[in-house]
Amino acid sequence: EVQLVESGGGLVQAGGSLRLSCAASGFTFDDYAIGWFRQAPGKEREGVSCISSFDGSTYYADSVKGRFTISSDAAKNTVYLQMNSLKPEDTAVYYCAAAYGSRCQVVVSDSWGQGTQVTVSS
């Protein structure tokens, strides 16, 4: 079964940095793109970033461009999200998921991880 486990969240002050990790198991890493999503209380889920295992191409939501960087280590079946210059509006639970499409538009059913909480204080 496709399983993803997120880690690396925490509490950070505005302007700080965090690196999230998404560890994949149960499938061949290169079969899917991996996306990062987030959901804040009272808000709908938002796509944050996506990386293609085929060519390494990346996608970023406008709200995080220039601040977040997605990367992958195929040997470790792990995708990372380096988050710099964090803002309070980045506060959310961050999830990763296996997906298809350049923007991770099609999520593999039940591939979501548990999520990791990111809280950015002013």
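Higher on the page you've got the structure.
The following paragraphs examine the structure supplied in this document.

Quick notes on the rules
- Residues numbered from 1 in each chain as written.
- Predicted model: local features only at pLDDT ≥ 70, side-chain atom pairs only at ≥ 80, totals over all residues.
- Heavy atoms only, no water.
- Disulfide = S-S within 2.5 Å.
- Helix = DSSP H or I, 4+ residues; strand = E, 2+ residues; numbered from the N terminus.
- Contact = heavy atoms within 4.5 Å.
- Pairing = 2+ DSSP bridges.
- Axes fitted to C-alpha atoms, helices over the stretch in contact; angles between N-to-C directions.
- Core = buried A, V, L, I, M, F, W, Y, C linked by side-chain atoms within 4.5 Å.
- Buried < 20%, exposed > 50% of the residue type's maximum accessible area, 1.4 Å probe, protein only.

**Some points on the state of the cysteines**
Working step 1: With the rule as written, the count across this model stands at two disulfides.
Working step 2: There is a disulfide in this structure between Cys22 and Cys96, and the S-S distance comes to 2.1 Å. One disulfide, between Cys22 and Cys96, carries an S-S torsion of 80 degrees and so falls in the right-handed class. One end of the pair, Cys22, is in strand E3 (residues 18-25); the other, Cys96, is in strand E9 (residues 92-100), with 74 residues separating them in the sequence.

**Observations regarding the environment of Met83**
Working step 1: Topologically, Met83 is positioned in strand E8 (residues 78-83).
Working step 2: A sequence separation of 69 residues divides Met83 from Ala14, and the C-alpha atoms of the two residues are 11 Å apart.
Working step 3: Not counting the four nearest positions on each side in its chain, Met83 is found in contact with Gly16, Ser17, Leu18, Leu20, Arg67, Phe68, Tyr94 and Val118.

**A closer look at the sheet that holds strand E7 (residues 68-73)**
Strands in a sheet are paired, the pairing made by backbone hydrogen bonds, and the direction either parallel or antiparallel.
Working step 1: The strand order across the open sheet formed by four strands is E1-E3-E8-E7, and the pairing between neighbours is antiparallel. Strand pairing shows two members of the sheet lacking a second neighbour, strand E1 (3-7) and E7, which therefore form its edges. For this sheet, the mean angle separating the axes of adjacent strands, direction not counted, is 15 degrees.
Working step 2: The sheet contact formed by E7 and E8 spans six bridges and is antiparallel. Bridge assignment links Ser71 to a residue of E8, and that residue is Tyr80.

**Points about the pairing of strand E5 (residues 46-51)**
Working step 1: Examined bridge by bridge, strand E4 (residues 33-39) and E5 share five bridges and lie antiparallel to one another. If you follow Trp36 over to E5, its bridge partner there is Ser49.
Working step 2: Turn length for the E4-E5 hairpin, with the two strands adjacent in sequence and antiparallel, is six residues, and the turn residue Gly42 shows positive phi of about 80 degrees.

**Remarks on the nonpolar core**
Working step 1: One finds Ile34, Trp36, Phe68, Leu81, Met83 and Tyr94 to be the most contacted residues of the largest nonpolar core, which totals 30 residues.
Working step 2: Looking at this core, the elements with two or more residues in it are E3, E4, E5, E7, E8, E9 and strand E11 (116-121).
Working step 3: Core analysis: the next-biggest nonpolar cluster, separate from the first, contains six residues, Phe37, Ala97, Ala99 and Cys104 among them.

The values are spatial; any link to function lies outside them.
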